[in-house]
Amino acid sequence: MADTATERDAVRSAIENVAARMADEKEYLTDLDSAIGDADHGANMDRGFRAVLEKTDGMDEADAADLVKTVGVTLISEVGGAAGPLYGGSFMSASAELSDGVTAESTVAFAEAFLEKVQDRGDAPVGAKTMVDALTPAVHTYKKSIEEDDLEPVEALTKAVDACERGVNFTTPIRAKKGRASYLGWRSVGHQDPGATSTLFIVEEIQDTAVEYLGDGDLEADAESPTVPDEEPTPEDGEPGASE
């Protein structure tokens, strides 16, 4: 286990990297959301993480769990639409898994708790064209890489990024069944989901930060058997819910 100061520095670095990425990708996320949503996902994520930077600035004595909890609380209060509760609530809830430090085991628990909270709040299964389609393969691949393949966290994250990217690509040819995009019906086909895309950006920046602090070594990026369906599942009845 790294010391508290190193863990704090790594989390702060990850926050800064994610915030910079959201600023850089603001227009791209807006373009994606313009096609199937409210055209505000880019602005919301950029505004949210700018606020996170302000809130975490000066938290010099905070541990990793407190910093991540602050990320969640801030996103809930600053990000509009469904994204605030989904991202913010999940960061806030999952932060408890890091209370004893940042380890391979605690980060697996964090990832699983994050995914569970997203699914609970958004009520979206894999295949509904939401952030769940990117997050699910990322989390499952990370867990498998750590617990079954006995890989170091950096390589496990590298594989998780690959699985997450496949999940993002999976959202393009399928029809949306949750969120505002679901109202478009078959017209949502052919458009990449913005929430899945911003999820990928977050996972990529976490992986880059891990490389910075732990070293890269000889990384194999290809994820074996990521949890991404081969075909669109049978549509489910019910009212559209939140996605991203």
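Residues numbered from 1 in each chain as written. Predicted model: local features only at pLDDT ≥ 70, side-chain atom pairs only at ≥ 80, totals over all residues. Heavy atoms only, no water.

Draft legend 1. Layout of the overall build of the protein chain. Of the regular secondary structure elements, the protein chain holds nine helices and zero strands. The secondary structure elements of the protein chain, listed N-terminal to C-terminal, are α-α-α-α-α-α-α-α-α. The buried share among the 244 residues of the protein chain stands at 53%. Long-range pairs, those at least 24 residues apart, make up 72% of the contacts in the protein chain between residues at least 6 apart in sequence. (Helix = DSSP H or I, 4+ residues; strand = E, 2+ residues; numbered from the N terminus. Buried < 20%, exposed > 50% of the residue type's maximum accessible area, 1.4 Å probe, protein only. Contact = heavy atoms within 4.5 Å.)

Draft legend 2. Inspection of the nonpolar core at higher detail. With 38 residues, the main nonpolar core has M22, F49, L75, F91 and I202 as its most contacted residues. Mapped by element, the contributors of at least two residues to this core are α1 (4–24), α3 (41–56), α4 (64–78), α5 (83–94), α6 (104–122), α7 (132–147) and α9 (194–214). The residues contacting L75, other than those within four sequence positions of it, are G48, F49, V52, G84, Y87, G88 and F91. Core analysis: the next-biggest nonpolar cluster, separate from the first, contains 17 residues, A104, I146, A196 and A210 among them. (Core = buried A, V, L, I, M, F, W, Y, C linked by side-chain atoms within 4.5 Å.)

Draft legend 3. Quick peek at a negative patch on the surface. Together, E16, E54, D57, D60, E61 and E78 line one region of the surface with negative charge. A relative accessible area of 47% places D60 in the partly exposed class. (Patch = residues over 30% accessible without salt bridge, like charges linked within 9 Å, V, L, I, M, F, W, Y side chains within 5 Å. Areas by Shrake-Rupley, 256 points an atom, 1.4 Å probe, with all protein chains shown as cover. Salt bridge = Lys/Arg side-chain N within 4 Å of Asp/Glu carboxyl O. Lys, Arg positive; Asp, Glu negative; His and termini not counted. Charge placed at Lys NZ, Arg CZ, Asp CG, Glu CD.)

Draft legend 4. Seen up close, the pattern of salt bridges. This structure, assessed with the given rule, holds 10 salt bridges. The partner of E112 in a salt bridge is K143, with the nearest N and O atoms 3.2 Å apart. Taken together, the residues span a long stretch of sequence, with E112 in helix α6 and K143 in helix α7 at a distance of 31 residues. For E112, a relative accessible area of 34% corresponds to the partly exposed category. Note on K143: relative accessible area 27%, which makes it partly exposed. Here the salt bridges do not stand alone but share partners, grouping R21, E25, E204 and E205 into one network.

Draft legend 5. The arrangement of the packing of aromatic side chains in detail. Within this structure, the stated rule accounts for four aromatic pairs. An angle of 45° between the planes, with centres 6.4 Å apart, marks the rings of Y28 and F201 as tilted. Pair noted here: Y28 is in helix α2 (residues 26–36) and F201 is in helix α9, with a separation of 173 residues, a long-range link. Accessibility expressed as a relative area gives 36% for Y28, which makes it partly exposed. Judged by centre distance (6.4 Å) and plane angle (40°), the ring pair of F91 and F110 falls under tilted. You can see F91 sitting in helix α5 and its partner F110 sitting in helix α6, a full 19 residues away along the chain. (Phe/Tyr/Trp six-rings, centres within 6.5 Å; stacked < 30°, edge-to-face > 60°.)

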